Amino acid sequence: MWALTAFLLLVPSSGQAATLEKPILSLHPPWTTIFKGERVTLKCDGYHPLLLELRPISTLWYLGHLLLPSHKKSIEVQTPGVYRCQTRGAPVSDPIHLSVSNDWLILQVPYAPVFEGEPLVLRCRGWYDKVVYKLHYYHDGQAVRYFHSSANYTVLQARASDSGRYQCSGTMRIPVESAPMFSAKVAVTVQELFRAPVLRVTGPREARGAALGGVVLRCDTRLHPQKRDTPLQFAFYKYSRAVRRFDWGAEYTVPEPEVDELESYWCEVATATRSVRKRSPWLQLPGPGSPPDPASTTAPAPRAAALAPGNKPLSFRKPPVSRSVPTVTSVPNTTSTGLQFPAGGAPTAGPPACAPPTPLEQSAGAPKPDVDLLLREMQLLKGLLSRVVLELKEPQALPELGGTPETPTSHFAVSPGTPETTFVES
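Quick notes on the rules
Residue numbers here run from 1 along each chain, matching the order of that chain's written sequence. Selection of residues for local features in this predicted model requires a pLDDT of at least 70, selection of side-chain atom pairs for listing and counting requires 80 or more, and totals for whole chains, interfaces and linings are taken over all residues. Values shown for side chains rest on all heavy atoms present in the structure; no hydrogens or waters enter the calculation. Put simply, DSSP marks the helices as runs of H or I at least four residues long and the strands as runs of E at least two long, and each gets a number from the N terminus on. Three labels apply to residues, based on accessible area from a 1.4 Å probe with only protein chains included: buried if under 20% of the type maximum, exposed if over 50%, partly exposed otherwise in between. All accessibility values rest on the Shrake-Rupley procedure with a 1.4 Å probe; residue burial counts only the protein chains present in the view. One speaks of a salt bridge when a side-chain nitrogen belonging to Lys or Arg is within 4 Å of a carboxyl oxygen belonging to Asp or Glu. What is meant by a nonpolar core is a set of buried Ala, Val, Leu, Ile, Met, Phe, Trp, Tyr and Cys residues, joined one to another through side-chain atoms within 4.5 Å. Lining residues are defined by having an atom within 4 Å of a point belonging to a cavity or pocket. Those points lie on a 1 Å grid over the protein atoms alone, cavities being sets where a 1.4 Å probe fits but cannot get out and pockets being open sets with protein on both sides within 12 Å along at least five of seven lines. Grid points are joined across faces, edges and corners, and a volume is the space filled by probe spheres set on the points. Gly counts as polar in this scheme, as do all residues outside two lists: the nonpolar Ala, Val, Leu, Ile, Met, Phe, Trp, Tyr, Cys and Pro, and the charged Asp, Glu, Lys and Arg. Centres within 6.5 Å make a pair out of two Phe, Tyr or Trp rings, where for Trp the six-membered ring is used; the pair is then stacked when the planes are under 30 degrees apart, edge-to-face when over 60, and tilted otherwise. By definition, being over a ring means that NZ of Lys or CZ of Arg is both within 6 Å of the ring centre and within 35 degrees of the ring normal. Two strands form a pair only when DSSP identifies at least two bridges running between them.

- Going by the annotation in an unreviewed UniProt entry, the name recorded for the chain is Fc receptor like B, with Aotus nancymaae given as the source organism.

Some words on the overall build of the chain
Next, step 1: The secondary structure content of the chain amounts to five helices and 28 strands.
Next, step 2: Looking at the chain as a whole, 29% of its 426 residues are labelled buried.
Next, step 3: Accessible surface, the chain: about 28,700 Å² in total, of which carbon and sulfur atoms supply 59%.

So, the pattern of salt bridges
Next, step 1: Enumeration according to the criterion identifies 14 salt bridges in this entry.
Next, step 2: Arg123 is the salt-bridge partner of Asp129, the closest N and O atoms lying 3.7 Å from each other.

Examining the nonpolar core
Next, step 1: By size, the foremost hydrophobic cluster in this structure holds 21 residues, and its most contacted members are Leu107, Leu120, Leu122 and Tyr137.
Next, step 2: In terms of residue count, strand 11 (residues 120–126) provides more of this core than any other element does, three residues in total.
Next, step 3: Of all hydrophobic cores here, the second largest spans 19 residues; its members include Phe115, Phe194, Leu199 and Val215.

Quick word on the layout of surface pockets
Next, step 1: Considered as a void within the structure, the largest pocket measures approximately 1,000 Å³ in volume.
Next, step 2: For the lining of the largest pocket, the secondary-structure elements that each account for two or more residues are strand 1 (24–28), strand 8 (96–101), strand 10 (114–115) and strand 17 (186–188).
Next, step 3: Here the residues of the lining of the largest pocket are counted per class, giving 17 nonpolar, nine polar and six charged.

Focus: the packing of aromatic side chains
Next, step 1: For the coordinates displayed, the defined rule picks out twelve aromatic pairs.
Next, step 2: Taken together, a centroid distance of 4.7 Å and an interplanar angle of 80 degrees make the contact between Trp127 and Tyr128 edge-to-face.
Next, step 3: A cation over a ring is seen here: Arg274 above Phe246, with NZ or CZ 4.2 Å from the ring centre.
Next, step 4: The ring of Trp266 carries the charged tip of Arg279 above its face, separated from the ring centre by 3.8 Å.

Side note on the pairing of strand 8
Next, step 1: Examined bridge by bridge, strand 2 (residues 33–35) and strand 8 share three bridges and lie parallel to one another. Bridge pairing in strand 8 links Phe35 to Ser101.

Looking at the pairing of strand 12 (residues 133–139)
Next, step 1: Strand 12 sits mainly inside the fold: five of its seven residues count as buried.
Next, step 2: Two elements, strand 12 and strand 15 (residues 164–171), share five bridges in a ladder whose sense is antiparallel. Directly across from Tyr137, in strand 15, lies its bridge partner Cys168.
Next, step 3: Here strand 12 runs beside strand 13 (residues 142–147); their pairing, made up of five bridges, is antiparallel. When the bridges of strand 13 are listed, Tyr138 appears paired with Ala143.
Next, step 4: Counted between consecutive antiparallel strands, the loop separating strand 12 from strand 13 contains two residues, among which Asp140 sits at a positive phi close to 55 degrees.

This is the structure we're talking about:
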């Protein structure tokens, strides 16, 4: 009875099982590509409750969707495929892809994900460890390293730009030196250790119960789930000047005298060894004395033009052009009655025959004919034509060339009452 009670106490509850982390699957040696006939060891490390002291905890192994018969913590395999493991009460582990090759040359990469700042090691291996000569490593088709004989290619601090497809080439003596041989291309992805930080305003310091004023800035980022225990340090900058150098705190308080100014702040996050450093975008920090944003204000827009004393808005545009023609009475097509002037007046003596238009008339835009002047000119023209006709009919009235030196002067005048012209000889 006591043994049964102890057994029930040691069994984890369903709530505990839901919080268990998935086990970690590892590969030894740590290369995902092997030659045909070779064996590697898989090991499953996970949470094991105290029930292990009473009876062994079985480990489940999967090859694809196939359940393997082994229940040990480690197994040896030589079959290519995708392997996973699972311990009791925990989820399934992350997969490991194992490849088996029958080529003379293979490029081996580590099974574990490589994160930013960590070393990336590539191994070009000949058939059953034969020495490879004139060894070249390629990244996305470009040669990146050359060795005289077998050697690993190592990137000390990997970056996202180191991701891509890798390949190696070289010669082997079997028994004489062969022609250059190439391995298959292998894809390598460098995982992001943490996201690029973002600088945010969290509020004034008074809201946090402190005595100091100012604005609190926080540098936010997020670590990869597999690297959430990695310590990070934070630095804050005002323009290009460091206002707080690298420290473990993710917050910085802007002093109250500087809040009134429009300043630019940004932050930087780095690992303790500074192998990975990332900076945030700029943060514009407007002060309380800054002008309001035009997009957010609700005040009415200013008037486009001031008002003149006559309550008429000032305008720099030309006045509209009047296209109307003044009213003129019809002129009969007879020579007995003569021309009829428009109502309101008769032509005045001494008309300016070719007077230029005044500036006011020019500003009016359209030509406006002077009817009175036109009628007067037509009256004078009619008188001149009548005299010419009369002289042609009575040539004797004209003085002879050999006559007296005094030439009779003819005067003509225009009577405003009648259209005919009267000649006066003197």
